[in-house]
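In case you want the letters, here they are:
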Amino acid sequence: MKVAKFGGSSVADSDQFKKVKAIVMGNADRKAVVVSAAGRSENEPVKVTDLLIKIEQLRDAGQDYLPVFNHIAERFVSIRDDLGLNVAIEDDLRVIKSQIAQASHDYLVSRGEFLTAKLMADFLGFRFVDAKRFMIFNDDQFDYSKSRNLLKSIVADSSRIVVPGFYGVDESGRTHLMPRGGSDISGSILANLLDADLYENWTDVSGIKMADPRIIDQSRKINELTYEELQELSYMGISVFQEEAVQPVRAKRIPIAILNTNHPEEDGTLVVDQVRENTANLITGIAGKKDYVIISINKYQLSKRLDILSKVFSIIQRFDVSFDYLPSGTDSFSFIAKRAAVSNKVQAIISALEEESDLDSVQLEKDISLVAVVSDQLGKRPAVAGKILDILDNSQIKIHLVIQESSDIKLVFGVANKDYEKTIEKIYRNVSLNEKKLRMAI
Ligand SMILES: Nc1ncnc2c1ncn2[C@@H]1O[C@H](COP(=O)(O)OP(=O)(O)O)[C@@H](O)[C@H]1O
Ligand SMILES: N[C@@H](CC(=O)OP(=O)(O)O)C(=O)O
């Protein structure tokens, strides 16, 4: 059996609902459907999830949130009416409206998925199974055994079901919201719980492209990639698949197919343990994120001065910030964090480091982007790193840092935000499009 997850763009309006129905009905193996909240469409520039977050912000600021609520309500009622359904969505909307004043963030923001799944279940003629009945989290950790037992007791027969993504419930019955993009995680968990043969992730692109299609028009599609490569690409920012959604299916070696709701006839991307296609590609994909800061500390022979390093870490710990990378050299050590994660603390951290530890210097670099090149072949082709450095150098792109992880599957380059798109473009055009030439040269 297959679990099919449909993203926000696939359920944005009644026309998209019809495409979903054609896909689901096209194969009786698609027994479980997971939906996100209605997303952006031509006529709706804002995702329902973001509108719900807006309601919360207005509520907390003591401002009128009803116009936003009414807009959401109209969206769902019009999908219902366009599809000629009878489901009494007004009843659910009334309950949600009455709870807004005291609703938790997790409850309120999860309502888009709840309402979308209600409509989808009715449209498909499938059973609606609320995620709160079986997706159990203990201290943020998903409880597989409890959840599996609960699901089995709820869906004992072979009926086809629709489950809202993005949330579950904690031990005390409170809604537990997943990170943004979390419906991918719900689908992956459900595939694990049901021992699916395939996890289909239906979105608005025909598979994963080598580079963000918003930056590289006509970017080449990746036919197959490994779970590990997908996890690294997702971690580095390709929004098409949530990074935490890899593990649940990977644990059971359930393949993932990334497919396009608007073009179901097109092949997508298949994610597996071992790539079957005889790939001679130098790199699998390129991904990146903007807005990092680098705090670099320097001290002669720092790698031998554990006393100083330990002092530095105790200072950093005081500020309760998390870092993404900690690259080190003989005389230096760097802390790399997303700007938003350190924003108002960065000057205080630097002052504390300067005043309290015996360093030669402390430097701050802002507006940095990280661009990652991912391939499970990198370890076998060490010259690729040098080639990319050459390419960036020839393009007058200043490289602020290079990180090659011990896993040998990802190379990360730090460049200025202003060079972000250019870096991706130069790597894509010179490495992926000239592979034959490059392979001869390295
Ligand atoms: N390398 C990539 N390959 C494909 N899509 C990508 C890539 N990087 C970023 N994207 C973006 O991811 C989007 C799909 O993700 P998302 O908007 O979360 O979809 P959904 O609403 O279906 O969950 C695509 O429209 C595309 O713009
Ligand atoms: N609706 C949620 C969860 C989700 O997975 O959405 P999407 O499938 O549209 O990325 C969000 O916007 O984060």
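The rules behind these values
- Residues numbered from 1 in each chain as written.
- Chains lettered and ligands numbered in written order.
- Predicted model: local features only at pLDDT ≥ 70, side-chain atom pairs only at ≥ 80, totals over all residues.
- Heavy atoms only, no water.
- Near = heavy atom within 4 Å.
- Polar contact = N/O pair within 3.5 Å; in protein donor to acceptor, adjacent residues only side chain to side chain.
- Nonpolar A, V, L, I, M, F, W, Y, C, P; charged D, E, K, R; others polar.
- Phe/Tyr/Trp six-rings, centres within 6.5 Å; stacked < 30°, edge-to-face > 60°.
- Helix = DSSP H or I, 4+ residues; strand = E, 2+ residues; numbered from the N terminus.
- Lys NZ or Arg CZ within 6 Å of the ring centre and 35° of its normal.
- Areas by Shrake-Rupley, 256 points an atom, 1.4 Å probe, with all protein chains shown as cover.
- Contact = heavy atoms within 4.5 Å.
- Axes fitted to C-alpha atoms, helices over the stretch in contact; angles between N-to-C directions.
- Parallel < 35°, antiparallel > 145°, perpendicular 65-115°, else oblique.
- Left-handed = near helix turned anticlockwise from the far one by under 90°.
- Pairing = 2+ DSSP bridges.
- Salt bridge = Lys/Arg side-chain N within 4 Å of Asp/Glu carboxyl O.
- Buried < 20%, exposed > 50% of the residue type's maximum accessible area, 1.4 Å probe, protein only.
- Domains from an automatic or database assignment.
- Buried area = accessible area lost by both parts, 1.4 Å probe.
- UniProt positions renumbered as here; feature names shortened; annotations may be inferred.

K.L.:
So what exactly am I meant to see when it comes to the site of ligand 2 here?
P.N.:
Ligand 2 sits among Lys-5, Gly-7, Gly-8, Ser-36, Lys-47, Thr-49, Glu-113, Phe-166, Arg-180, Gly-181, Gly-182 and Ser-183. Note that an oxygen atom of ligand 2 is positioned 3.2 Å from one of the side-chain N or O atoms of Lys-47. One nitrogen or oxygen atom from the side chain of Glu-113 is found 2.7 Å from a nitrogen atom belonging to ligand 2. Classifying every residue of the shell around ligand 2 gives one nonpolar, seven polar and four charged.

K.L.:
I keep staring at the packing of aromatic side chains and nothing clicks. Help me out?
P.N.:
Within a pair of aromatic rings, the relevant descriptors are the distance that separates the centres and the angle that separates the planes. Scanning the model with the defined rule gives 10 aromatic pairs in all. Arranged with centres 5.7 Å apart and planes meeting at 85°, the rings of Phe-114 and Phe-128 form a pair that is edge-to-face. One end of the pair, Phe-114, is in helix H6 (residues 111–124); the other, Phe-128, is in strand E3 (residues 127–128), and 14 residues separate them in sequence. Directly above the aromatic system of Phe-123 lies the positively charged group of Lys-21, at a separation of 4.4 Å from the ring centroid. A cation over an aromatic ring shows up here: Arg-111 above the ring of Tyr-167, its NZ or CZ 5.2 Å from the ring centre.

K.L.:
Would you explain the site of ligand 1 in this entry?
P.N.:
Lining the immediate surroundings of ligand 1 are 17 residues, of which Gly-8, Thr-203, Asp-204, Lys-209 and Ser-239 lie closest. One nitrogen or oxygen atom from the main chain of Gly-8 is found 3.2 Å from an oxygen atom belonging to ligand 1. At 3.5 Å from an oxygen atom of ligand 1 is found a side-chain nitrogen or oxygen belonging to Ser-9. The protein chains hide 88% of the 570 Å² of surface that ligand 1 would expose on its own. Residue composition of the shell around ligand 1, by class: six nonpolar, six polar and five charged.

K.L.:
Looking at this structure, I do not really get the environment of Asp-197. What am I missing?
P.N.:
Positionally, Asp-197 belongs in the loop between helix H8 (183–193) and strand E9 (198–203). Spatially, the C-alpha atoms of Asp-197 and Asn-223 are 19 Å apart, while their sequence positions differ by 26 residues. Dropping the residues within four chain positions of it, Asp-197 is found in contact with Met-1, Ile-254 and Pro-255. Here the side chain of Asp-197 touches Met-1 through a polar contact of 2.5 Å, landing on its backbone nitrogen.

K.L.:
How do you make sense of the packing of helix H4 (residues 89–99) against H6 when you look at a structure like this?
P.N.:
Relative orientation and spacing of two packed helices are given, respectively, by the angle between their axes and the distance between those axes. For the pair H4 and H6, interaxial distance at closest approach is 11 Å and the crossing angle is 170°. When the interaxial angle is binned, H4 and H6 end up roughly antiparallel. In this structure, H4 meets H6 at a crossing whose hand is right-handed. Across the interface between the two elements, Ile-89, Asp-92, Leu-93 and Ile-96 of H4 pack against Arg-111, Phe-114, Leu-115, Lys-118 and Leu-119 of H6. Of the residues contributing to the contact of H4 with H6, the split by class is six nonpolar, no polar and three charged.

K.L.:
Please explain the sheet that holds strand E14 (residues 332–338) as it appears in this structure.
P.N.:
The strands making up a sheet associate through backbone hydrogen bonding, with each pair oriented either parallel or antiparallel. Pairing in this open sheet of five strands is antiparallel, and the strands run E14-E13-E15-E17-E16 from one edge to the other. Two strands in the sheet have a free side with no partner beyond their single neighbour: E14 and strand E16 (401–404). Across the sheet, the axes of successive neighbouring strands diverge by a mean angle of 35°, strand direction being ignored. Here strand E15 (residues 361–374) runs beside strand E17 (residues 410–416); their pairing, made up of seven bridges, is antiparallel. Within E17, the residue paired with Ser-369 across the bridge is Val-415.

K.L.:
Could you clarify how one ought to interpret the pattern of salt bridges in this entry?
P.N.:
Once their charged atoms are close, side chains differing in charge can pair, the charge on each being opposite to the other. With the rule as written, the count across this model stands at 26 salt bridges. A salt bridge links Lys-118 to Asp-92, with the shortest nitrogen-to-oxygen separation between them at 3.5 Å. On the criterion of sequence distance, the pair formed by Lys-118 in helix H6 and Asp-92 in helix H4 is long-range, its members being 26 residues apart. With relative accessibility at 22%, the residue Lys-118 sits in the partly exposed group.

K.L.:
What is the right way to read the sheet that holds strand E12 (residues 269–272) from this model?
P.N.:
With respect to topology, eight strands assemble into an open sheet ordered E3-E6-E2-E1-E9-E11-E12-E10, the strand pairing being mixed. Each edge of the sheet is formed by a strand with only one pairing partner; in this case those strands are E3 and strand E10 (224–226). The sheet contact formed by E10 and E12 spans three bridges and is parallel. Residue Leu-225 lies in a different strand from E12, and its bridge partner there is Val-271.

K.L.:
What is the right way to look at the domain arrangement of the protein chain in this model?
P.N.:
The figure often quoted for interface size is the accessible area lost as the parts come together. Taken domain by domain, the protein chain comprises domain 1 (2–275) and domain 2 (285–441). Each of domain 1 and domain 2 has a C-alpha centre, and these two points are 34 Å apart. Residue-level contacts link 18 residues of domain 1 with 24 residues of domain 2. Of the roughly 1,800 Å² buried at the junction of domain 1 and domain 2 (both faces included), carbon and sulfur atoms supply 64%. Taken as a group, Met-210, Ile-215 and Met-236 account for 35% of the area that domain 1 buries against domain 2, more than any other trio of residues on that side.

K.L.:
Would you explain the UniProt feature "domain: Aspartate/glutamate/uridylate kinase" (unreviewed entry) in the protein chain in this entry?
P.N.:
UniProt marks residues 2–260 with the feature "domain: Aspartate/glutamate/uridylate kinase" (unreviewed entry), using the numbering shown here. Across residues 2–260 one finds 42% helix and 17% strand; the C-alpha atoms that close the span lie 16 Å apart.

K.L.:
What am I meant to see in the packing of helix H11 (residues 306–318) against helix H13 (residues 346–356) here?
P.N.:
Between H11 and H13, whose axes approach to 10 Å, the crossing angle comes to 150°. By the angle class used here, H11 and H13 are roughly antiparallel. Crossing of H11 over H13 shows right-handed handedness. Note on element contacts: H13 touches H11 through Ile-349, Ala-352, Leu-353 and Glu-356, opposite Lys-311, Val-312, Ile-315, Ile-316 and Arg-318. When its residues are assigned to classes, the contact of H11 with H13 shows six nonpolar, no polar and three charged.

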